[in-house]
Amino acid sequence: MENTIIITSPSLNENINVSGISAVTKFIISNNPTSHYIHFELGKTDSQERGIAWMANIVGAYASWCKKLMRSKNIIIHFNFALEKRSILRDSPFILAARAMNKKMIIHLHGGKYLVQEPPAWIKKILKVVLTGHEPKVVLSAYEKQLIFEKFNTPDIYVLPNSVDLNEPRLFHHAYPADRPLHLLFMGRIVESKGMRYIYDACVLLKNMQVDYKFFLAGKGEEEAKYIGLFKTLLGENFVFKGVVAGKDKIALIQASDVFLLPSISGEGLPMALLESMSFGLVPVTTNDGSMAHLVNNGVTGMLVAKASAMEIADAVARLDRDRSLFQKLGENCKQHIEDHYNPENYIKELNIIYTKTR
């Protein structure tokens, strides 16, 4: 019997919204044919400013949400939820309204700074109300499960790491270059929490170390203009800004790259861009923020570096540049690891099992 599922996320249009939660939502909708999904847009677009109009949109969305729930019978709600202040304040009333109407629901957690950091007392009270209901809670790793249980005494927690579509990666063989400069890639939200400052500082160090490389920056965000200017001045023709990439353009960019940089300092879950890049055989250089350390095994499936350390990022890239056999080995390990542990067939099977746990 086909489930009808209302799934929440920001806009699914990558041209107006760069969002990991949206990427997960698109993946689920595309890969789960046994369920009929109704997307409920919740969250601002990249160009939308917070203000009176934004607040009015939230109020309007809440009214639409309540009407939709009252009219919908025999549905399951798949509520995507980030442990960030703005998300908590915006989304908690939606979750509580669904609970008050006795709707079947899962709460799918996607990182956020309060996953690791201790929230203010008043936010912790809200989270305890939201996360101690009977609904299944989905987290991205065993590490997150432990944190959520210890902080909020949350019942009914299920571990379900993110996954990516593997049709294109399964057909692709990365030709690891022996002589050309490495192509470094950052793809995602261009914000400080992703470690942009430390990527820039690492690029300065690499240039001083006379390591030859090319840097590709893709995405959108609050710090976009600042870093485009900095990288252009530093690297000249060895810097390429791609903007928001999607579909074939995104695949082509990943296939043309060698090393994926994501030295996040806070707020990560299990980034889809990281999974996507590894599935094509790119070697990640990341921190252990969120659940990334459960994906990136230092020296096996990538390079883990300390948070806020431009020197460690630069040293990791320089080592990969110097030791091309290590670079190839790690890339091949990445590709196989995603195939073995993060494939879409297993993900959808586990997700459908979790849907059966709703009551």
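Scroll up to find the structure this text is about.
Fair warning: this is a prediction, and the values are worked out from it, not measured in the lab.

A. Expanded view of the overall build of the protein. Helix and strand counts for the protein stand at 13 helices and 12 strands. The globule rule puts the C-alpha radius of gyration for 359 residues at 21 Å, and the 21 Å found for the protein is close to it. Dimensions of the protein, computed from C-alpha atoms along their principal axes, come out at roughly 65 × 45 × 40 Å. Taking all 359 residues of the protein together, the buried fraction comes to 53%. Pairs at least 24 apart in sequence give 73% of the contacts found in the protein among residues at least 6 apart. Summing over all exposed atoms, the protein offers an accessible surface of approximately 15800 Å²; the carbon and sulfur share of this is 52%. Distance between charge centroids for the protein: 8 Å, based on 42 positive and 36 negative side chains.

B. The sheet that holds strand β8 (residues 213-220), seen in detail. Reading across the sheet, the 6 strands line up as β9-β8-β7-β10-β11-β12 and stay open at both edges, with parallel pairing between neighbours. Edge strands, defined here as strands with exactly one partner in the open sheet, are β9 (239-243) and β12 (303-304). The sheet contact formed by strand β10 (residues 259-262) and strand β11 (residues 283-286) spans 4 bridges and is parallel. Bridge pairing links L262 to T286 in β11. The strands that helix α7 (residues 196-208) touches are β7 (182-189), β8 and β10; relative to β8, the one it contacts most, it runs at about 165 degrees.

C. Spatial organisation of the packing of aromatic side chains. Per the counting criterion, the structure on display carries 13 aromatic pairs. Members of the aromatic cluster, joined through ring pairs, are F40, Y62, W65, F79 and F94.

D. Structural context of helix α11 (residues 310-322). A rise of 1.5 Å per residue sets the reference length of α11, with its 13 residues, at 18 Å; its end C-alpha atoms lie 18 Å apart and thus fit the reference within 8%. Of the positions making up α11, those classed as buried are A310, I313, A314, A316, V317, A318 and L320.

E. Here's a closer look at the nonpolar core. Membership of the largest hydrophobic core comes to 80 residues, with the highest contact counts inside it found for F215 and F231. For F231, the residues in contact, after removing those within four places along its chain, are M196, I199, Y200, C203, F215, L217, G236 and F239. Membership of the second largest hydrophobic core comes to 31 residues, among which are L83, L115, V130 and F152.

F. Seen up close, the pairing of strand β3 (residues 76-81). For β3, the buried fraction is high: 6 of the 6 residues fall into the buried class. Burial of the side chains of β3 extends over both faces: I76, H78 and N80 are buried on one face and I77, F79 and F81 on the other. As paired elements, β3 and strand β4 (residues 104-109) share 6 bridges and run parallel to each other. Within β4, the residue paired with H78 across the bridge is I106. Where the polypeptide runs from β3 across helix α3 (residues 85-100) and back to β4, its parallel neighbour, the crossover connection is right-handed.

G. Quick peek at the pairing of β11. Judged by which residues are buried, β11 turns out to be covered on both faces: V283 and V285 on one side and P284 and T286 on the other are all buried. As for the winding sense of the linkage, the β-α-β connection from β10 through helix α10 (residues 272-279) to β11 is right-handed. Here β11 runs beside β12; their pairing, made up of 2 bridges, is parallel. Each bridged residue has a counterpart across the sheet, and for V285 the counterpart in β12 is M303.

H. Fine view of the packing of helix α2 (residues 52-71) against α3. The interhelical angle for the contact between α2 and α3, taken along N-to-C directions, is 15 degrees, at an axis separation of 10 Å. Taken together, the axes of α2 and α3 lie roughly parallel to each other. Crossing of α2 against α3: the hand is right-handed. Contacts between α2 and α3 involve I58, A61, Y62, W65, C66 and L69 from the first element and R90, P93, F94, A97 and A98 from the second.

About the cut-offs
Residues numbered from 1 in each chain as written. Predicted model: local features only at pLDDT ≥ 70, side-chain atom pairs only at ≥ 80, totals over all residues. Heavy atoms only, no water. Helix = DSSP H or I, 4+ residues; strand = E, 2+ residues; numbered from the N terminus. Rg over C-alpha atoms; globule rule 2.2 N^0.38 Å. Buried < 20%, exposed > 50% of the residue type's maximum accessible area, 1.4 Å probe, protein only. Contact = heavy atoms within 4.5 Å. Areas by Shrake-Rupley, 256 points an atom, 1.4 Å probe, with all protein chains shown as cover. Lys, Arg positive; Asp, Glu negative; His and termini not counted. Charge placed at Lys NZ, Arg CZ, Asp CG, Glu CD. Pairing = 2+ DSSP bridges. Axes fitted to C-alpha atoms, helices over the stretch in contact; angles between N-to-C directions. Phe/Tyr/Trp six-rings, centres within 6.5 Å; stacked < 30°, edge-to-face > 60°. Expected span 1.5 Å × (residues − 1). Core = buried A, V, L, I, M, F, W, Y, C linked by side-chain atoms within 4.5 Å. Right-handed = clockwise from strand over helix to strand, strands pointing away. Parallel < 35°, antiparallel > 145°, perpendicular 65-115°, else oblique. Left-handed = near helix turned anticlockwise from the far one by under 90°.

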